[in-house]
Amino acid sequence: MMEQLLEYSILPLTLFGITAIQALGLQLILGGAGLLSLGHAAFYAVGGYSAAAFTVYAAPYLGLSQPLLLMLISLLVGAGSALLAGLIVAVPCLRLQGDYLAMATLGFAEIIGTALKNIDAIGGTRGFTGIPKLSSLPWVFSVLALVWWALARFNRTGLGLAIRATRDDEIAARSLGINTYATKLSAFLLGSAIAGLAGALYVHALQFISPDEADFSRSVVIVLAVVIGGMTSLFGSVLGALILVAVPEVLRFAPDVIREQRMIYFALIVIFVMLFSPKGLQSLVLRLARRHQKNESSSLGRRLGGAG
Amino acid sequence: MTMPSKTTRRVVVTALSAALCSLGLAVSMVARAAVGEVKVGVILPLTGDKATFGQESLNGLKLALEKAGKETPQLKIQVEDTQGTPAGSAAAVNKLIATDKVAVIIGEVASSNTIAASTAAQSAKIPLMTHASTNDTITLGKDFISRICFVDSFQGAVMAKFAVTNLKAKTAAILVDSDSDYSRGLRDSFKQAFIAAGGTIKEDLVISYSQKDRDFKTQLIKVRKAAPDAVFIPGYYTQVGAILRQAKELKLNSKFLGTDGWDSPDLFKIAGAAAAGHYVSSHFAADDTDNRVQDFVREYKARNKENPGAMAALGYDAGFFMRAAIKKAGSNEPSKIRDAIASMKNFDGITGTITIDKNRNAVKPAVIVTTTEKEFKFLTRVNP
Amino acid sequence: MFDLIQYLVDGLAVGSVYALIALGYSMVFGVLQLVNFAHGELFMVGAYFVMYAISLGLPWPVALGLGMCFVGLFAVAMERLCYKPLRGAGKLAPLITAVGLSLLLQNLVQAILGPNPQSYPARVPEGKLSQFFGQYLPDPSQLQIPHLPDGLFDWNDLVIRHRDLMIFTIAVFVTLGLELFLRKTRPGRGIRALALQPNAAKLVGVPFDFTISMTFFIGAALAVVAGLLQGMADNQVTPYMGISSGLKAFAAAVLGGIGVIPGALLGGLVLGIAERLLVGYDLSTYKDGAAFFILIIVLLLRPQGLLGKARMVKV
């Protein structure tokens, strides 16, 4: 029974892990640096395609075949190419403010998508097939844990703090001597590279990728994950990713009536979460927890006469 | 008691939530197949712009399984909707293999989708048999992949010879769907055969369109200017219907030739009066006078309230064929089923007598039909 | 040479449809600085509504009028229920909500009317709804399906479809009408005032909530017109037509200058023509990226769009 349970959930858990990694990358850009990037999926796609191109075309040529090594190198390839793509997008876009930045990132993502559709060697619109199966659930979760840990530490470094300072008040940050352009750029590049990692894991798990993965609709899913969970924290993004993958999956097994309309229920849940908790579910949970704490400790606090 | 660090707490919470979700997923457990029962995965485009193909295939398949009744082997089908896209097909196959543990898979319809699905099937060593994908490359080098329909190198040549011999066409243009492996493969085989039979196709008369296009005026004007004898459109009905309609509007008078991607009742709805007077290669025609075909048409119509198209017929044959193969294999082990499929000879289907060759493709005849404003009409049969 | 002219004219009709949708994006952004990502879905719902209304036997002006009212009021409800509560909650929350609404509408239409493309005369898939619908369906042979004119200006080298010119003319008139409305009528001037200086507008008595609702209503109504035109031109509606046309229309609005009415028309036409040029010169696979490529160039060189006014940001 345990064995069946595990087999059952491998695919959704793998997808959850990949989505969570993307969300962490976006959290750095969106929540950390405050940049409204609506094209995040494009970096994920670029990373995925490059990693796949490496294992399908370059690896045989170089005589490499050891799966562990191949996977590690393709992770690097994925991250690197996504970083490059991020550079190409960020340099012109970071000059723009707010809404215009959002529109420009969206535009670039669609352009990248169109470019991918036109390269025949990677399948064009028909998608890239024939990718060997190199990654799996353990890989995905390991990378997720690593990225999470690394970002948590990064947020406490000087650069991490500078990024958040820039988000909070760019002018004040600049007056403190922070190079705000450099901090925004670093956040963007790091976030895209992380997306590239997710892409490399994806292509080697599903053995297929199509240019639709760069679509605006995919970017929106990641933005949803970050915002619904709570965009000010890493945990929030992972939570958001969990919800986004888990809810449609769980609904898949609901009685037939609900099952057919599960995307409708999902959309309704998204809307309601936004209306009742615009800062994300994480803040909702915290608010409820705090209220509960306050009720419990208020009398105790008065008796102790101190801070609660 | 010291509190674990914030990070640790959160990792634990997430892990617990993930575990809870897996339990949630397991609420409706799919039972392991009982003995005498074989789990068959089915991937079809039940939604999207090729939906009639998927729906018809499923109807045909279900009819076949119903007719087989309680005899063993019992096929237990698990159907996944691919939404008619390569990505959807790959995802569907992954789910069927990883989660449902099927022994064999039937599907998909569009060649691009089947190609996307076949990598995962091949590497997991689960046989995949397509009832409708005709692109030649699908079975190349993948010994777990097979099909019970003819291939495009045959289909393209059939239409080319028909154009030259029956329609006396000397020049042709090709409108190819650049998003589709099927269309591109047919473009190549038609071109080759047409030229070999003495016709000419100018380079700039091989014109592309995309499945996302709705307006084909620009492409059609180019064709109109050159006024070729025949225009070959190896595409899918949703776009072809619009192309035919717009061609008529632009007073384009060449003869249109089509392939099995046209075979859908929706073609007539979209094209309207413009649907009439064309020639299409396919697997089956509902007005074929063969007794078995007529029996099938009657039963299908009674159940589904409309005439079956080629996809329904292929789905029907797939059902019986798969049963015969599994019976021959005498086991529900994937590799034994694969071997059985590959060795089937002279299977009497309603889409023709099917023999599987050494490339795991079907050797069988093609049917040429003509179109009226409302339906397809049988014209002739072409043997391999 | 003639080819170029051909493509320019061909692009007018497609561009006009983009323009009509872009007007809605432009207006709403003008007053609320909000990109209503659900606007494309309003276009889709409008197209469906009109197609089904006509398939039920209603004459097209009635179908159009009803559609405009229905979808317009729906847009107002959307605004009141989902956007109004989030005023002041930052930029992201309304954006996510808009995305949720977009998903909701797409899936609702899919669930009720089927996920496959529909053509005239539209039908409802088997189920309880089809029985209800079925009793009101007129005999198909009696049904007069309105068609756009199918004539041609045919000079052999240059072929112009009458229907393309008609759609273009409609779009031009609609844009002119809207611009007149915004300049000459009181409610119209209220919308412009809100867009320019919300606080001052409130001070002089412009009814804030009502004006915003009116903006949504008008934008939605125009999208329904676009839906009718496209549904008749292509003889097809799908639940996904909103996403594909919507995003491009948004790019068109930004391209022309978001918040500027003639800009939406210009942007739409530029986009439509660019697409046709690519198809004509056999680069049709780059068509989808064209809109965004142009968008990026404009944003980098002239962020306020072709006809927009530059905004000064005070530090």
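Residues numbered from 1 in each chain as written. Chains lettered and ligands numbered in written order. Predicted model: local features only at pLDDT ≥ 70, side-chain atom pairs only at ≥ 80, totals over all residues.

### Observations concerning the overall build of chain B
And step 1. When helices and strands are counted, chain B shows 12 helices and 15 strands.
And step 2. Against the 2.2 N^0.38 benchmark of 21 Å for 384 residues, chain B shows a C-alpha radius of gyration of 23 Å, consistent with a compact globule.
And step 3. With respect to the three principal axes, the spread of C-alpha positions in chain B is 85 × 55 × 40 Å.
And step 4. When the 384 residues of chain B are sorted by exposure, 58% land in the buried category.
And step 5. Within chain B, counting contacts between residues at least 6 apart in sequence, those at least 24 apart form 70% of the total. (Helix = DSSP H or I, 4+ residues; strand = E, 2+ residues; numbered from the N terminus. Rg over C-alpha atoms; globule rule 2.2 N^0.38 Å. Buried ≥ 20, exposed ≤ 12 C-beta atoms within 10 Å, placed from the backbone. Contact = placed C-beta atoms within 7 Å.)

### Describing the pairing of strand 10 (residues 279-282) of chain B
Residue and element names in this part refer to chain B.
And step 1. Covered by surrounding structure in strand 10 are Tyr279 and Ser281 together with Val280 and Ser282, the residues of both alternating faces.
And step 2. Relative to strand 10, strand 9 (residues 255-258) is paired through two bridges, and the arrangement is parallel. Bridge pairing links glycine 258 to valine 280 in strand 10.
And step 3. Handedness of the crossover joining strand 9 and strand 10 through helix 9 (residues 266-271): right-handed.
And step 4. Sheet topology note: the strand 10/strand 14 (residues 366-371) ladder contains four bridges and is antiparallel. In the sheet register, tyrosine 279 faces strand 14, and the bridge partner there is threonine 370. (Pairing = 2+ DSSP bridges. Right-handed = clockwise from strand over helix to strand, strands pointing away.)

### Digging into the sheet that holds strand 8 (residues 230-233) of chain B
All names here are of chain B.
And step 1. With mixed pairing, the seven strands of this open sheet are ordered in space as 7-6-8-9-10-14-15. Every other strand in the sheet has two partners, leaving strand 7 (206-209) and strand 15 (376-382) as the edge strands with one partner each. Within the sheet, the average angular offset between the axes of one strand and its neighbour, ignoring direction, is 25°.
And step 2. Along the sheet face, helix 6 (residues 181-196) touches strand 6 (172-177), strand 7 and strand 8 and points at about 165° away from the line of strand 6. (Axes fitted to C-alpha atoms, helices over the stretch in contact; angles between N-to-C directions.)

### As for helix 7 (residues 186-196) of chain C
All names here are of chain C.
And step 1. If you check which residues of helix 7 are buried, you get Gly190, Ile191, Leu194 and Ala195. In an axial view of helix 7, the angular spread of the buried residues amounts to 135°, which keeps them on one side of the axis. Across from the buried face of helix 7, at angles greater than 90 degrees, the exposed residues are Arg186 and Leu196.
And step 2. Where helix 7 is buried, its residues contact helix 1 (2-32), helix 6 (162-184), helix 8 (198-203) and helix 9 (208-234). (Arc of directions from axis to C-beta.)

### Considering the domain arrangement of chain B
How big an interface is tends to be reported as the loss of accessible area on association of its parts.
Residues and elements named next belong to chain B.
And step 1. Each domain of chain B was delimited in the assignment, giving domain 1 (37-150 + 291-364) and domain 2 (153-282).
And step 2. Placing a centre on the C-alpha atoms of domain 1 and another on those of domain 2 gives a separation of 28 Å.
And step 3. At the junction of the two partners, domain 1 supplies 16 residues and domain 2 supplies 16 residues.
And step 4. Elements supplying a minimum of two residues to the side of domain 1 that touches domain 2: helix 2 (51-68), helix 4 (111-124) and helix 11 (310-329). (Domains from an automatic or database assignment.)

### Re unusual backbone geometry
And step 1. The linkage connecting Gly107(B) with the following residue, Glu108(B), adopts the cis geometry, with an omega of -5°.
And step 2. You can see Glu108(B) is positioned in the loop between strand 3 (104-107) and helix 4.
And step 3. The backbone of Gln207(A) shows a phi angle near 60°, a positive value even though the residue is not glycine.
And step 4. Tracing the sequence through the fold places Gln207(A) in the loop between helix 8 (180-206) and helix 9 (216-229).

### Some thoughts on the interface of chain A and chain C
And step 1. Taken together, the 31 residues of chain A in the interface contact 32 residues of chain C.
And step 2. Broken down by secondary-structure element, the contributors of at least two residues to the side of chain A that touches chain C are helix 4 (98-117), helix 9 and helix 12 (262-276) of chain A.
And step 3. At 10 residues, the largest contribution of residues to the side of chain A that touches chain C is made by helix 4 of chain A.
And step 4. In terms of residue class, the side of chain A that touches chain C is made up of 24 nonpolar, four polar and three charged. (Nonpolar A, V, L, I, M, F, W, Y, C, P; charged D, E, K, R; others polar.)

### Quick look at the sheet that holds strand 2 (residues 74-81) of chain B
All names here are of chain B.
And step 1. Strand order in this open sheet of five strands is 2-1-3-4-5, and the pairing throughout is parallel. Looking along the sheet, the strands with just one partner apiece sit at the ends: strand 2 and strand 5 (145-147). When the angles between neighbouring strand axes are averaged without regard to direction, this sheet yields 25°.
And step 2. Relative to strand 4 (residues 128-130), strand 3 runs parallel, the two sharing two bridges. Directly across from isoleucine 105, in strand 4, lies its bridge partner leucine 128.
And step 3. Along the sheet, helix 4 makes contact with strand 1 (37-44), strand 3, strand 4 and strand 5, crossing strand 4 at roughly 160°.

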